[in-house]
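In case you want the letters, here they are:
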Amino acid sequence: MNKFSKMFVFALLAVAIAAPSVSFAQTDVNAQIQALLAQIQALQAQAGTSVASVTFTSNLTVGSKGAEVTALQNFLASKGFFNTTATGFFGPITKAALAAYQKSVGISPAVGYFGAITRAHVNSLSVVTTPTTPTTPTTPTTPSTPTMTKTEGNITVELNPSPADGTQVYEAGVKTALIGLKVKATGGDVNVQRVKVDLGTSTTLYNKFLSTLYVMDGSTVLATQALNSNSVVKDGSDYVVYITGFNFMVNKDTTKVLTIAADVYNTFDSSYANSSQTISIPVNGIRGMDGLGLTQEGPSSSAISRSFIMYKNQSNSATLTLSKSANSPKASNIVSDSNGNVQKATIMAVDMRSTKDQIKVTDFVVNVTGKAPSVVYAYDGSTLLGSASVTGGVATFTSMEFYVPADSTKTVTFQADFTGATTTATTSYLTLSTTGFQAQNSLGDTMGSGTTLLSGSAQSDTMTVISEGPIFALASVANDKSAGVQGVSTSTLTGTITVNVTAAGGDIYVSKLASTVALLAYNSSTGVTTTPGVIVVDSLSNTFQNTSGNVYKLAQDTTGTMVIKGILTYSGSGTTLYDFRLSQINWGVDGTSDANAQAKSTTLDTTVYKTASQVLP
């Protein structure tokens, strides 16, 4: 300590000795001394001595990027473990350098993961800076006091329902909520400025599990306190920590919630796994000041506590499951341009669902059945994740980097380019499975093909690629029932499915004959489909032009409407559920006859082209 700092400490101690007795507990005095020592450290910084130039706040692992990675690389370089230029990207070299440093200082496990333990260790160190010319020390500032009602207030403190008892707390957890406090002010405003937290009668909680405590207002951090032998003090038989240096205004006759959260060590001994721990706010553990400058405290009669269960890190048991998204495109025609080319037609959407940990996806393989696209693209919304040419019916995506957050779903959409489309329809569909799929958990461990951690698959609907043809879209559906008397008279059910049709790439033709469509009645009680007694293409919009007989033409780039009806007669003795489903529409590019107008067909998704179920009779 330099001469200036020694004189400053002597002056501070002299003030403390000479000051008259006050009502603060001795532990509060200790907290104030710690704050003064922090101010000394700030003054030493101005004198050119060693201070921390960066405070690390994030867990860093392979794949991480940004300013904190750059700072970590510079720190490792200053210790002789990182012998290249800082890049801001956490790769294998950074991991190896960090593991070597961890081993040198006794941090276990020394695996090159920058978590809570290593972060706390590095933040506690000083990074030597170039001495600067001393400047006149500035007077330390304290948090400003909000405007308050000039009346005496009072606070009551109760346990908030969230988080509940038995919360699961995991290794490497960040700002995990441990206990919530409902603070109500009556009589006047109260500005809460201190929280006393009881860690129990042993050092286990802060030596084995928790590295840092936070006082939080929702997601806003009001104050932070590292847990160590300096900040944790003995109060009778219990170990407690005081968190100060914040202003939390609770206005008169309102209730606000304070949450005590914690960072958890990157790892703890397996013998402590699944153990129940408790954190408490003792009587008068919450201290504030009202508008008259009077101290107000709570809870008033008994401590309030929450228990939580400590679990080992779940990264090693994290899972990723693949499935076809509900929003994946339905079977339809894909019509090319006049040169037979299709650009970025959307074929499939896949949900990737993670559990327990953030998953980084790097590689996967898309298999193509039928007509092969020239290129397949993978998108996260409008963001291109990667693209791959198709060789031998396979599109291999490599060296990607996108993340599926823990316990969430990311939907990846696949698009494709096609070439050589003709008037002869060809089908194509995509399949994504775990074969060739590569992902990593947040520890950098690979979740490869064939493991139980990676499961599921997705297959697109079958798409029809053609140079000219109709594009179908459902417009509306309806049911109309004529009820009979059960066992005595018949009932009829009329189902109507209205379809919009757009002619793409050229003129198309359809017929009004019932054979134009495949419409079925589905008995949901038995799972049996039957053909309705009457099927009719009830009407075509005026956009369709009558050419000859039952043949109608729809000119290129125009849209018309088809109304398709089915009538089912029912006279059974029991009740049952029926709906109508449209599975196919026939069409042609030659309108010289009814047969030519139905020479081609498009298969429709009956989960889309269907009416609601109706009870008969």
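Preceding block: the structure.
Residue indices begin from 1 for each chain and proceed along its sequence in written order. The predicted nature of this model means local features are confined to residues of pLDDT at least 70 and side-chain atom pairs, given and counted, to a pLDDT of 80 or more, with totals for whole chains, interfaces and linings taken over all residues. Note that water and hydrogens are dropped before the side-chain values are worked out from all heavy atoms of the structure.

S.K.: Account for the pairing of strand 28 (residues 463–466), with residues named and values stated.
M.R.: Three exposure classes are used, based on accessible area relative to the maximum for each residue type with a 1.4 Å probe and protein chains only: buried under 20%, partly exposed in between, and exposed over 50%. Secondary structure elements are taken from DSSP: a helix is a run of H or I of four residues or more, a strand is a run of E of two residues or more, and numbering for both begins at the N terminus. Taking every second residue as pointing to the same face, both faces of strand 28 are buried, with Met463 and Val465 on one and Thr464 and Ile466 on the other. In short, DSSP must find at least two bridges between two strands for them to pair. Relative to strand 28, strand 23 (residues 426–432) is paired through 3 bridges, and the arrangement is antiparallel. Looking at the pairing, threonine 427 lines up with threonine 464 of strand 28.

S.K.: Tell me about the side chain of aspartate 198, and name the residues and values.
M.R.: With respect to the secondary-structure elements, aspartate 198 resides in strand 4 (residues 190–198). His residues and chain termini do not enter the charge count, which takes Lys and Arg as positive and Asp and Glu as negative. Salt bridge criterion: a side-chain nitrogen from Lys or Arg within 4 Å of a carboxyl oxygen from Asp or Glu. Summary of buried charges: aspartate 198 has no salt-bridge partner, and the nearest side chain of opposite charge, lysine 196, is 7.0 Å away. By the criterion applied in these results, polar contacts are pairs of N or O atoms within 3.5 Å in which, for protein atoms, one can donate a hydrogen and the other can accept it, and in which residues neighboring in sequence qualify only through two side-chain atoms. From its side chain, aspartate 198 meets the backbone nitrogen of glycine 200 in a polar contact 2.8 Å long. Contacts of aspartate 198, omitting those with residues within four sequence positions, involve Asp238, Tyr239, Val240, Thr278, Ile279, Ser280 and Pro282. The contact criterion used is simple: two residues touch if any of their non-hydrogen atoms lie within 4.5 Å.

S.K.: Run through the packing of aromatic side chains, naming residues and quoting values.
M.R.: When the centres of two rings from Phe, Tyr and Trp lie within 6.5 Å, Trp using its six-membered ring, the rings pair. Their planes under 30 degrees apart give stacked, over 60 give edge-to-face, and anything left gives tilted. A full pass over the atoms with the stated rule returns 12 aromatic pairs. Ring centres 5.7 Å apart and planes at 90 degrees place the aromatic pair phenylalanine 209 and tyrosine 272 in the edge-to-face group. Of the two residues, phenylalanine 209 sits in helix 6 (residues 204–209) while tyrosine 272 sits in the loop between strand 9 (254–264) and strand 10 (276–281), which places them 63 residues apart along the sequence. For phenylalanine 209, a relative accessible area of 0% gives the class buried. Measuring from centroid to centroid gives 6.3 Å for phenylalanine 397 and phenylalanine 414, while their planes differ by 80 degrees, and the two rings are edge-to-face. In this pair, phenylalanine 397 is assigned in strand 20 (residues 394–397) and phenylalanine 414 in strand 22 (residues 409–418), connecting sequence segments 17 residues apart.

S.K.: Please set out the pattern of salt bridges residue by residue, giving values where relevant.
M.R.: With the rule as written, the count across this model stands at 11 salt bridges. Salt-bridge contacts for aspartate 380 lead to lysine 410; the nearest nitrogen and oxygen are separated by 3.0 Å. A residue pair is termed long-range when its members are at least 10 positions apart, and aspartate 380 in strand 18 (residues 375–380) and lysine 410 in strand 22 qualify at 30 residues. Its relative accessible area of 15% is what places lysine 410 among the buried residues.

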